[in-house]
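Commentary on secondary and tertiary structure
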Amino acid sequence: MSDWMRRALQARPELAAELYRRGMFDAEEKKEFLSAQSISLPPLPLGPVQFATLLADGDTQLAARVVLRNLIRPNELAWLDRLLRFQKPNDKRDELARIVERALEGRKGNARNCR
Amino acid sequence: MPEIAVETTATALVNSVVKNLCALAARAWAKRWIITFTAPTGVGKTTAVDYAEKVLTFDHQVIRCKQVTTRYTLLQALALAPGEKWNTHGRNWMRASDLYDRAVERIRQRPYLLLVDEGDRLRLDCFEILRDFWDDAKLPMLLVGNEVLTEKLNRQHERLFRRIRVRFAQPRLREADLRKVLEFMGYTVADDEFNLVWTLVGGSPGFAEALLENANEIAASRGVKRGIEALEGAVQFFPTLKTAA
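Scoring rules and cut-offs
Residues numbered from 1 in each chain as written. Chains lettered and ligands numbered in written order. Predicted model: local features only at pLDDT ≥ 70, side-chain atom pairs only at ≥ 80, totals over all residues. Helix = DSSP H or I, 4+ residues; strand = E, 2+ residues; numbered from the N terminus. Buried ≥ 20, exposed ≤ 12 C-beta atoms within 10 Å, placed from the backbone. Contact = placed C-beta atoms within 7 Å. Core = buried A, V, L, I, M, F, W, Y, C linked by C-beta atoms within 7 Å. Domains from an automatic or database assignment. Axes fitted to C-alpha atoms, helices over the stretch in contact; angles between N-to-C directions. Parallel < 35°, antiparallel > 145°, perpendicular 65-115°, else oblique. Left-handed = near helix turned anticlockwise from the far one by under 90°. Nonpolar A, V, L, I, M, F, W, Y, C, P; charged D, E, K, R; others polar.

From N to C terminus, chain B includes 12 helices and 5 strands. Principal axes of the C-alpha set define a box for chain B whose edges measure 65 × 45 × 35 Å. Buried residues in chain B amount to 38% of all 245 residues. In chain B, the share of contacts with a sequence separation of at least 24, taken over all contacts with a separation of at least 6, comes to 74%.

Right, here's the structure in full:
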């Protein structure tokens, strides 16, 4: 099981289902995901603020991957940026905030190397 | 604190945060001081800075700090004209020190107030540059940030800390103020909803907005209007608030 799969499975079920819905996993991972977790996909997708809130409060590395893989819409990105500012600063959160800021500016990649 | 005229417009609510920030900006400008304005996250500092940027009647410049703010981006913001690029090579290339000298010259010729939003996110070298600007050009500054700003300056930047004349700590909004802000933001909140919001987030309109928006989305997904149940459901999305409650 890949690291991302493990992180997604440990995330809140609503978030995991939303990531599944947004195409975070390839075909093989999808099978693995469904067999590993007997989740029922909610009938409606999460709203932008709900999605951003779950990402902001969840696994930082998973959130960073979601941003870098462009699985998040601009309005959700703006909310994520806002919600990250409400949290107490730490290194991981700061790194995610950098990635989000760069994504808002239309840039991608590792914030640490391309500063 | 000097009184300054702040107009209330239909597009802005001038609450205590905005009033205090504008008054401190006027004071920093008039006395050529460095002043810090600290307040908890979500109180409305950035909104107040946005408002001040529009209404202040004297020359001023706003810098909005990001995680990627470096001394070079700071120098570029202060030394270069809008749209001008920093030539790092070629015939007219400039060193960082050239940019610094240019910024100092600009300030000497036409002083302005520097407003730094989210100053708590500035790095050590940026604070050192700000101190140099004050020493070389007496650049008045209003540094805005959360509680981390004071802590950071106190622990790591003693030389800048000693040059600060006023350290203002803005308290959270009171209950009535929060209600006014939420109404101004367009949220019609029932009494039971407001009580829950107040218990959870206190005087932080930013947090309250995030909570209410989550509740709105939960209610919309169920095809109903937002109520106390949706709000209680929204709290599940904020583990930090749940423990606080």
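Back to the write-up after that little detour.
Further remarks concern the nonpolar core. The biggest cluster of nonpolar side chains holds 97 residues, and the ones touching the most others in it are L80 of chain A together with L21, A25, M141, L142 and L211 of chain B. Examining the composition of this core, we find that 9 residues originate from one element, helix α1 (residues 16–31) of chain B, more than from any other. A domain-level breakdown of this core finds at least three residues from each of domain 1 (16–169) and domain 2 (175–244) of chain B. What A25 of chain B contacts, discounting residues up to four positions off in sequence, is A52, L56, L113, L115 and L142 of chain B.

Okay, the packing of helix α4 (residues 48–57) of chain A against helix α10 (residues 205–222) of chain B next. Here α4 of chain A crosses α10 of chain B at 125 degrees, and the two axes come no closer than 8 Å. Judged on the interaxial angle alone, α10 of chain B and α4 of chain A are oblique. As for the relative orientation of α4 of chain A and α10 of chain B, their crossing is left-handed in sense. Where α4 of chain A approaches α10 of chain B, its residues V49, Q50 and T53 of chain A are matched on the opposing element by A210, E213, N214 and E217 of chain B. Per-class residue counts for the contact of α4 of chain A with α10 of chain B are 2 nonpolar, 3 polar and 2 charged.

Take the domain arrangement of chain B next. As assigned here, chain B comprises domain 1 (16–169) and domain 2 (175–244). Of the residues in the side of domain 1 of chain B that touches domain 2 of chain B, the class split is 2 nonpolar, 4 polar and no charged.

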